[in-house]
Amino acid sequence: MSIQQTLLQEIDESKRALDGPIDDTIYRREHSKRIELINWVLENIKKPDIQICDLIESKMNEIIDKIYQMDSAIEADPLDSELRILDWILYQVCSNEVKNFEGL
């Protein structure tokens, strides 16, 4: 399965979860953010002049900087969730690049 297929499958699963019963608004927020971030990656992965792994890492570093500037763990929680989602996306998208580099 290609990375695009994996990410599109993840979007479908998150959409199904959003369409399900309203149990937990935090969990629903994470699914919405997951869909948003995956779509962002899918848009940028098509652009040949963009190094997608570097772009994802840059976005992660921006989030980390924002978290460090916050006074409250509760306030930082949504950003922490976003960071975890991006970490998963980074692994999915860039693990093949690491394997290809190691094979050289």
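Structure: see above.
To start, this report covers the structure provided alongside it.

1. Observations regarding the pattern of salt bridges
Then, in step 1: Under the defined criterion, the tally for this structure stands at 6 salt bridges.
Then, in step 2: A salt bridge links aspartate 77 to arginine 29, with the nearest nitrogen and oxygen atoms 3.5 Å apart. Of the two residues, aspartate 77 sits in helix H4 (residues 73–102) while arginine 29 sits in helix H2 (residues 25–45), which places them 48 residues apart along the sequence.
Then, in step 3: The class of arginine 29 is partly exposed, set by a relative accessible area of 33%.
Then, in step 4: A salt bridge links arginine 84 to glutamate 30; the shortest N-O distance between them is 3.4 Å. Of this pair, arginine 84 sits in helix H4 while glutamate 30 sits in helix H2; the two residues are 54 residues apart in sequence, bridging distant segments of the chain.
Then, in step 5: For arginine 84, a relative accessible area of 47% translates into the label partly exposed.
Then, in step 6: On the basis of relative accessibility, which here comes to 23%, the residue glutamate 30 falls in the partly exposed class.
Then, in step 7: Put simply, Glu30, Asp80 and Arg84 are held in one network by salt bridges that share partners.

Reading guide: rules and limits
- Residues numbered from 1 in each chain as written.
- Predicted model: local features only at pLDDT ≥ 70, side-chain atom pairs only at ≥ 80, totals over all residues.
- Heavy atoms only, no water.
- Salt bridge = Lys/Arg side-chain N within 4 Å of Asp/Glu carboxyl O.
- Helix = DSSP H or I, 4+ residues; strand = E, 2+ residues; numbered from the N terminus.
- Buried < 20%, exposed > 50% of the residue type's maximum accessible area, 1.4 Å probe, protein only.

Such coordinate-based values are descriptive only and should not be taken to indicate function.
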